[in-house]
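Reading the structure
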Amino acid sequence: QVQLVESGGGSVQAGGSLRLSCAASGRTSSIYAMGWFRQAPGKEREFVAVISWSGPSTYYSDSVKGRFTISRDNAKNTVYLQMNRLKPEDTAVYYCAVLVRVGAFEVPDEYDYWGQGTQVTVSS
């Protein structure tokens, strides 16, 4: 089992920045990759970004590419999501999740463990 705890959400005006953190504990040796998703009210959970756990690979959704940066600190078992130039449409609950094997990283059902989520609200 892997436990995930997100932090860093909050309210910000459009154009501002936030950094989310996701700390993993438990069987972290099983992590293949970690991703961030978000879910706005009335919408499906949406892929945001993913990072491999042992290599440099990252991938972003088109909606956040160039504004968000995913990174990790293996020593702290923590993944970060730096969000810049935030827009009102970025408002959502943000979740981190763990892949323990190669999979379709944009698909929520491929992920094995999830955090509880952290709210991000961007006002215009």
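For the structure itself, consult the block above.
Presented here is an overview of the structure given in this document. Being a predicted model, the structure only gives us computed values, none of them experimental.

Throughout the structure, instances matching the rule amount to 5 salt bridges. Residue aspartate 62 is joined to lysine 65 by a salt bridge in which the shortest nitrogen-to-oxygen separation is 3.3 Å. With a relative accessible area of 46%, lysine 65 lands in the partly exposed category. One salt bridge in this structure joins aspartate 112 and arginine 101, with 3.1 Å as the shortest N-O distance. Linking aspartate 112 in the loop between strand 9 (92-99) and strand 10 (113-114) with arginine 101 in the loop between strand 9 and strand 10, this pair joins segments that are 11 residues apart in sequence. In the salt-bridge network here, residues are joined through shared partners; they are Arg38, Glu46, Arg67 and Asp90.

What follows covers the packing of aromatic side chains. Considering all chains together, one arrives at 8 aromatic pairs under this definition. Between the aromatic rings of tyrosine 59 and phenylalanine 105, the centroid separation amounts to 4.9 Å while the plane-to-plane angle is 70°, which identifies the pairing as edge-to-face. In this pair, tyrosine 59 is assigned in strand 6 (residues 58-60) and phenylalanine 105 in the loop between strand 9 and strand 10, connecting sequence segments 46 residues apart. The class of tyrosine 59 is partly exposed, set by a relative accessible area of 36%. Aromatic side chains tyrosine 111 and tryptophan 114 sit 5.9 Å apart centroid to centroid with 55° between the ring planes, which places their arrangement in the tilted category. Ring-pair connections join several aromatic residues into one group, and the members of that group are Phe37, Phe47, Tyr59, Tyr95, Phe105, Tyr111 and Trp114. When the ring centre of tyrosine 95 is taken as origin, the NZ or CZ atom of arginine 45, which lies over that ring, is 3.8 Å away. One Lys or Arg, arginine 45, reaches over the ring of tryptophan 114 and ends 4.7 Å from the middle of that ring.

Parameters at a glance
Residues numbered from 1 in each chain as written. Predicted model: local features only at pLDDT ≥ 70, side-chain atom pairs only at ≥ 80, totals over all residues. Heavy atoms only, no water. Salt bridge = Lys/Arg side-chain N within 4 Å of Asp/Glu carboxyl O. Buried < 20%, exposed > 50% of the residue type's maximum accessible area, 1.4 Å probe, protein only. Helix = DSSP H or I, 4+ residues; strand = E, 2+ residues; numbered from the N terminus. Phe/Tyr/Trp six-rings, centres within 6.5 Å; stacked < 30°, edge-to-face > 60°. Lys NZ or Arg CZ within 6 Å of the ring centre and 35° of its normal.

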